[in-house]
Amino acid sequence: GGCRIMFYENELKALKKAGRYRTREVVDRVLKDFASNDYLGLSHNKELHTQTCQTLSLHDIHSSKASMLVNGYHQIHKDFEDALCEANGFEAGVVLGSGFNANIALIESLVRKGDTLFMDELYHASGVLASQINQIDVKFFKHNDMNELESKLKESTATRKIVAVEGIYSMDGDIVKKEVFEICDAQNALLIVDEAHSSGVIGDNLMGVFDYYHVEIKANYIKMGTLGKAYGSFGAFILADAHIVEYLLNRAKPIIYATSLSLYDTLLAHNSLKYIQNNTQKLLHDISTRKEIIYEELGIKVEGLIVPIVINDNKKVIEIKDTLKEKNYAIGAIRQPTVPKAIIRLIARLGESENELRELCQNLAKITK
């Protein structure tokens, strides 16, 4: 027995003092969910779940069993990758563990000695972490500042120039500028677009930012998307030129040294893709109605379904979150250092009704004014 050593006690005390202490709470089923990234509400769609279970039960195994390169690549994976390529106009694809893993896979393997990575300063934490591996040469540019990106690329003498941006940024909720495609073409740069928050949310076919800007797919474009958000499943995909996917299979550690994506999640995401393709017009209509409600009640114009409301006080955002929780609403309270200024992050997801969204916005307008 004796006295227990608390190795990180001081760090925890400091976090509590700064209002940055985090805990996890078991999801309260009573709360109306305006906090999660399940943009289309597909996590509630029982038909997709039942259909997936029925199909999977016809197979002689129900788990992937191994790494994709060692007996773990199944027809279920291949069918979904092919469907994603067709839907997005890319040559090749690979599914893997999570958006976090996909960023590590791409950045750690693509940026070699002599190459330079140009990353938007608001790029996801997983990409920033990846850029710190292997002494990668990384240059950050001001958020969505295409002039700065272009001049940095022009000055660069790197062997390969690799640019990393997001389709829709997870905290600001804004969309990448269209010029990024032209700039990367002109500067012969590879372009990674993290479509975690745009895939399934924008574009005429709801395929994301390439679709939204009607971009013709070229060999220097790489699209990454997650399955744990609009697709209501879990995992991620990378779509690219065939030789890049071939290279990733040979070099990307999160693909080589991890068990392949679970068969249930892959199949569920494939069923979600079909659902999105079969119900595009209705989904587009429902998304647009929710954007109108946000504008009418909060005066905020949003590009996707992420609504950030700047509060700039770590303790106050938690208070607002708790106040709304009492009224049965779940919203996000995002604090520093995740964001420069603390925000309320509201997701106008299709899983909750338009009336619920309107009522929540009216409540928020009262509190934040």
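Just so it is clear, the model here is predicted, and its values are computed rather than measured.

Engineer: Provide a residue-level description of the packing of helix 4 (residues 99-110) against helix 9 (residues 242-251), including the pertinent values.
Structural biologist: Their axes nearest at 10 Å, the elements helix 4 and helix 9 cross at an angle of 95°. In terms of orientation, helix 4 and helix 9 fall into the roughly perpendicular class. Counting all contacts with helix 4, which are made through Ala105, Leu106, Glu108, Ser109 and Leu110, the residues of helix 9 involved are Ile244, Tyr247, Leu248 and Arg251. Of the residues that constitute the contact of helix 4 with helix 9, the class distribution is 6 nonpolar, 1 polar and 2 charged.

Engineer: For a negative patch on the surface, give the residues involved together with the corresponding values.
Structural biologist: Together, Asp313, Glu319, Asp322 and Glu326 make up a region of like negative charge exposed at the surface. As for its position among the elements, Asp322 is in helix 13 (residues 314-326). Residue class for Asp322 comes out partly exposed when judged on its relative accessible area of 37%.

Engineer: Describe the pattern of salt bridges, naming the residues involved and giving the relevant values.
Structural biologist: In total, this model carries 19 salt bridges according to the counting rule given. Lys282 is the salt-bridge partner of Asp286, the closest N and O atoms lying 2.7 Å from each other. Taken together, the residues Asp286 and Lys282, both in helix 12 (residues 280-298) and 4 residues apart, mark about one turn of the helix. As a salt-bridge pair, Arg349 and Glu352 come within 3.8 Å of each other at their nearest N and O atoms. This pair shows no difference in class: Arg349 is buried, exactly as Glu352 is.

Reading the values: rules and limits
Residues numbered from 1 in each chain as written. Predicted model: local features only at pLDDT ≥ 70, side-chain atom pairs only at ≥ 80, totals over all residues. Heavy atoms only, no water. Axes fitted to C-alpha atoms, helices over the stretch in contact; angles between N-to-C directions. Helix = DSSP H or I, 4+ residues; strand = E, 2+ residues; numbered from the N terminus. Parallel < 35°, antiparallel > 145°, perpendicular 65-115°, else oblique. Contact = heavy atoms within 4.5 Å. Nonpolar A, V, L, I, M, F, W, Y, C, P; charged D, E, K, R; others polar. Patch = residues over 30% accessible without salt bridge, like charges linked within 9 Å, V, L, I, M, F, W, Y side chains within 5 Å. Areas by Shrake-Rupley, 256 points an atom, 1.4 Å probe, with all protein chains shown as cover. Salt bridge = Lys/Arg side-chain N within 4 Å of Asp/Glu carboxyl O. Lys, Arg positive; Asp, Glu negative; His and termini not counted. Charge placed at Lys NZ, Arg CZ, Asp CG, Glu CD. Buried < 20%, exposed > 50% of the residue type's maximum accessible area, 1.4 Å probe, protein only.

Read these as layout, nothing more, since geometry by itself doesn't imply function.
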